[in-house]
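Fold and contact review
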Amino acid sequence: MRQFQVRRGLRGLCKTLALSALLAAGLAQAQSGPVKLMVGFPPGGGTDAIARILADKLKDQLGVPVLVDNKAGAGGQIAAQALKAAPADGNTLFLSHDHTITILPLVVKNPGYDSARDFVPVAGFATFANGLAVSGGTPAKTMAEYVAWVQKQGAGKDTVGVPAPASVPEFLVKVIGQKYKLDLQAAPYRGSAPMMADMLGNQIHAGVGSVPDFIENQKAGKIRMVAVLGSARQVALPDVPTFAELGLAGFEDLPYYGIFAPKGTPQATIDKLGNAVAKVIALPEVRERLTAMGLSVGYMTSAQLASREQAYAKTWARIIRDSGFKAQ
């Protein structure tokens, strides 16, 4: 009887070990193919450039190709919906900022996804600031000069580009107009690249977007940033004042960048991917390039990014509600 019990115990142990081996093999197999890193905006914009910097180094950490896949449209909704439908195997990821993850679900009745229910954060890697920039077709070098120019040239009216409809930049256009008693109308684009093209061609006189969207043309002197959000000036733009300095407070909570996977992705895979992101952004070359683009680089674990999402959503739910905007 004792021998039978021993044999049965050994058989149970073998089954457990075999099951563990199969699970480990499954996880290994899940990460065996190329990783697709989706971006919700066209090539040429700030988010696309950031994704390509990270993808180039992530491939070394993961040991597989990491390919940037631009699924542009609807402010990132198309990419988010594709992530929801993707297998939860760690081979399809979504690099996004706050707009698609946090803001769209607050302003669109049926975006086709629920960030909390359908996605799992992998890791956060940076925060950034939005700001107002004027095109080379205006003589303005400061906010006060832009306001004066609009009042004189446009009788107090102007069109301001934004990278996506119902976005933080669009709400900022409304707030800036109210603050300076201007009739500013937001012109939504399909990403920052076409907006920037129209700014460079002086088709529009100003735009609101992220510092990474503007930084290269700012450095080249082709556009001029006149104000940014945040509680402190941006390291990459020490001469550009914050809106708070100019008397427009309440927008100090900075947006974030993160990487997301489909819900149901194994925790071991999330941990592996998160560790790879941590190692990549710790590389001096990567930190320097991202910082030069106007990002404040800092690693956030999956749990920390989830908390960041929740806090940011709470802040902007109040701002959107107070603005009178109705979900469409």
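How each quantity is defined
Residues numbered from 1 in each chain as written. Predicted model: local features only at pLDDT ≥ 70, side-chain atom pairs only at ≥ 80, totals over all residues. Heavy atoms only, no water. Helix = DSSP H or I, 4+ residues; strand = E, 2+ residues; numbered from the N terminus. Contact = heavy atoms within 4.5 Å. Buried < 20%, exposed > 50% of the residue type's maximum accessible area, 1.4 Å probe, protein only. Pairing = 2+ DSSP bridges. Core = buried A, V, L, I, M, F, W, Y, C linked by side-chain atoms within 4.5 Å. Axes fitted to C-alpha atoms, helices over the stretch in contact; angles between N-to-C directions. Phe/Tyr/Trp six-rings, centres within 6.5 Å; stacked < 30°, edge-to-face > 60°. Salt bridge = Lys/Arg side-chain N within 4 Å of Asp/Glu carboxyl O.

**Here's the deal with unusual backbone geometry**
Phi is positive for alanine 74, which is not a glycine, with a value near 55°. Inspection of the secondary structure assignment puts alanine 74 in the loop between strand E2 (66-70) and helix H3 (77-85).

**Brief notes about the environment of proline 105**
Position of proline 105 relative to the elements: it lies in helix H4 (residues 98-107). Spatially, the C-alpha atoms of proline 105 and alanine 313 are 9.4 Å apart, while their sequence positions differ by 208 residues. Contact partners of proline 105, with chain neighbours within four places excluded, come to Thr100, Pro111, Tyr113 and Ser115.

**Brief notes about the environment of valine 107**
Mapped onto the elements of the fold, valine 107 is located in helix H4. For valine 107, a relative accessible area of 1% puts it in the buried group. When the C-alpha positions of valine 107 and methionine 38 are compared, they lie 22 Å apart, and in sequence the two are 69 residues distant. In this view, valine 107 contacts Ala166, Phe171, Ile320, Phe325, Ala327 and Gln328; residues no more than four positions away in its chain are not counted.

**So, the pairing of strand E5 (residues 130-135)**
Among the 6 residues that make up E5, 6 are buried, leaving the element largely enclosed by the rest of the structure. Of the two faces of E5, the one carrying Asn130, Leu132 and Val134 and the one carrying Gly131, Ala133 and Ser135 are both buried. Pairing of E5 with strand E8 (residues 206-210), which is carried by 5 bridges, proceeds in the antiparallel orientation. The residue of E8 that forms the bridge with alanine 133 is glycine 207. Pairing analysis gives 5 bridges linking E5 to strand E9 (residues 223-228), with the strands arranged antiparallel. Within E9, the residue paired with valine 134 across the bridge is arginine 224.

**Concerning the nonpolar core**
In terms of nonpolar packing, the biggest core is built from 101 residues, with Leu54, Phe125, Leu132 and Tyr146 touching the most fellow members. Residues contacting leucine 132, with those up to four places away along its chain left out, are Met143, Tyr146, Val160, Ile176, Ala206, Gly207, Val208, Arg224, Met225, Val226, Ala227 and Phe243.

**Regarding the sheet that holds strand E4 (residues 119-127)**
Sheet strands pair by backbone hydrogen bonding; their relative direction is either parallel or antiparallel. Ordered in space as E2-E1-E3-E10-E4-E11, the 6 strands form an open sheet in which the pairing is mixed. Single-partner strands in this sheet number two, and they are E2 and strand E11 (296-300). Going from strand to strand, the sheet's axes swing by 25° on average, the running direction of each strand aside. Examined bridge by bridge, strand E1 (residues 35-39) and E2 share 5 bridges and lie parallel to one another. Among the inter-strand pairings, valine 39 is bridged to a residue of E2, identified as asparagine 70. Against the sheet, H3 makes contact with E1, strand E3 (92-97), E4 and strand E10 (256-262), and its axis sits at roughly 150° relative to E3, the strand it touches most.

**Let's talk about the packing of aromatic side chains**
As enumerated under the stated definition, the model contains 8 aromatic pairs in all. Centroid distance phenylalanine 128 to tyrosine 257: 5.0 Å. Interplanar angle 45°. Geometry classified as tilted. Taken together, the residues span a long stretch of sequence, with phenylalanine 128 in the loop between E4 and E5 and tyrosine 257 in strand E10 at a distance of 129 residues. In this structure phenylalanine 128 comes out as buried when scored by relative accessible area, which is 2%. On the basis of relative accessible area, tyrosine 257 is assigned to the buried category, the value being 0%. Ring centres of tyrosine 256 and tyrosine 312 lie 5.7 Å apart, and the angle between their planes is 85°; on these two criteria the pair is classed as edge-to-face. With tyrosine 256 in strand E10 and tyrosine 312 in helix H12 (residues 302-323), this pair connects stretches of sequence that are 56 residues apart. The burial state of tyrosine 256 is the same as that of tyrosine 312; both residues are buried. Pairwise contacts between aromatic rings join Phe171, Phe251, Tyr256, Tyr312, Trp316 and Phe325 into one cluster.

**Overview of the pattern of salt bridges**
It is possible for side chains of opposite charge to pair when their charged atoms get near one another. Here the structure, examined in full by the defined rule, presents 10 salt bridges. Here lysine 84 and aspartate 118 are joined by a salt bridge, their closest N and O atoms 3.9 Å apart. On the criterion of sequence distance, the pair formed by lysine 84 in helix H3 and aspartate 118 in helix H5 (residues 115-118) is long-range, its members being 34 residues apart. Given the relative accessible area of 10%, aspartate 118 is considered buried. Residue arginine 308 pairs with aspartate 253 through a salt bridge whose shortest N-O separation is 2.9 Å. In this pair, arginine 308 is assigned in helix H12 and aspartate 253 in the loop between E9 and E10, connecting sequence segments 55 residues apart. With relative accessibility at 17%, the residue arginine 308 sits in the buried group. Through salt bridges that share partners, Lys36, Asp69 and Lys71 make up one connected network.

**With respect to the sheet that holds E8**
Sheet architecture is open: 5 strands sit in the order E7-E6-E8-E5-E9, paired in mixed fashion. Edge positions in the open sheet fall to strand E7 (183-188) and E9, since each of these has one partner strand only. Pairwise comparison of adjacent strand axes, ignoring direction, gives a mean angle of 30° for this sheet. The pairing of strand E6 (residues 157-162) with E8 spans 2 bridges and is parallel. In the sheet register, glycine 161 faces E8, and the bridge partner there is glycine 207. Running over the sheet, helix H6 (residues 143-153) touches E5, E6, E7, E8 and E9 and is turned about 130° from E6.

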